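Residue-level structure breakdown
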Amino acid sequence: MTEQTIQSRPAVQQASAPYAYEERIGGSWPQALTITALFIALAASLMFQAHLLNMVLIFCCVAFGFYISRRRASAKRTLPISYGLASQTVFAVAVLALLYPGLDDPASASWRLPLLAVTTLLFHRFVTPGYHPLEENHS
């Protein structure tokens, strides 16, 4: 009875869909620009204490994070996880070093926000892991 029950169950199937994305160093230009725009808008709203705008921008950042995590889930992993963690940690420390002292002094936003924009764009375009569509080879 138990042999028959085990044999009648369908075999576990592997995912039939191949990877749609591959992980490489650096994100695409549209993704890096979107992250930069969201980050700068959020930093400006924090510096100028626009609380309602903070909530809207945090919602947008979370929604964009869900979109990116769908790419990450269907990506072929080629980089070590430690690389992603290390690059995001360095980015977070750089952002906090630029942003935190400026929260009490909105006048410093004239130089902090452009520097934060350049830092965010460079990190997300050239340093942090990005998920790029796989090129299909048609023979």
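Quick summary incoming for the structure in this document.

**A word on the overall build of the protein**
Looking only at helices and strands, one finds five helices and three strands in the protein. Counting from the amino terminus, the protein carries its helices and strands in the arrangement α-β-α-α-β-α-α-β. For the protein, buried positions account for 32% of its 139 residues. Here the analysis covers contacts within the protein between residues at least 6 apart in sequence; of these, 85% occur between residues at least 24 apart. Roughly 9,700 Å² of accessible area belongs to the protein as shown, and the carbon and sulfur atoms make up 67% of that amount.

**Section: the pairing of strand S1 (residues 21-25)**
Note: S1 against strand S2 (residues 75-76), two bridges, orientation parallel. The partner of glutamate 22 across the bridge, within S2, is lysine 76. As defined by bridge partners, S1 adjoins strand S3 (residues 129-133) across five bridges and the pair is classed as antiparallel. Across the sheet, glutamate 22 pairs through a bridge with histidine 132, a residue of S3.

Rules used throughout
- Residues numbered from 1 in each chain as written.
- Predicted model: local features only at pLDDT ≥ 70, side-chain atom pairs only at ≥ 80, totals over all residues.
- Heavy atoms only, no water.
- Helix = DSSP H or I, 4+ residues; strand = E, 2+ residues; numbered from the N terminus.
- Buried < 20%, exposed > 50% of the residue type's maximum accessible area, 1.4 Å probe, protein only.
- Contact = heavy atoms within 4.5 Å.
- Areas by Shrake-Rupley, 256 points an atom, 1.4 Å probe, with all protein chains shown as cover.
- Pairing = 2+ DSSP bridges.

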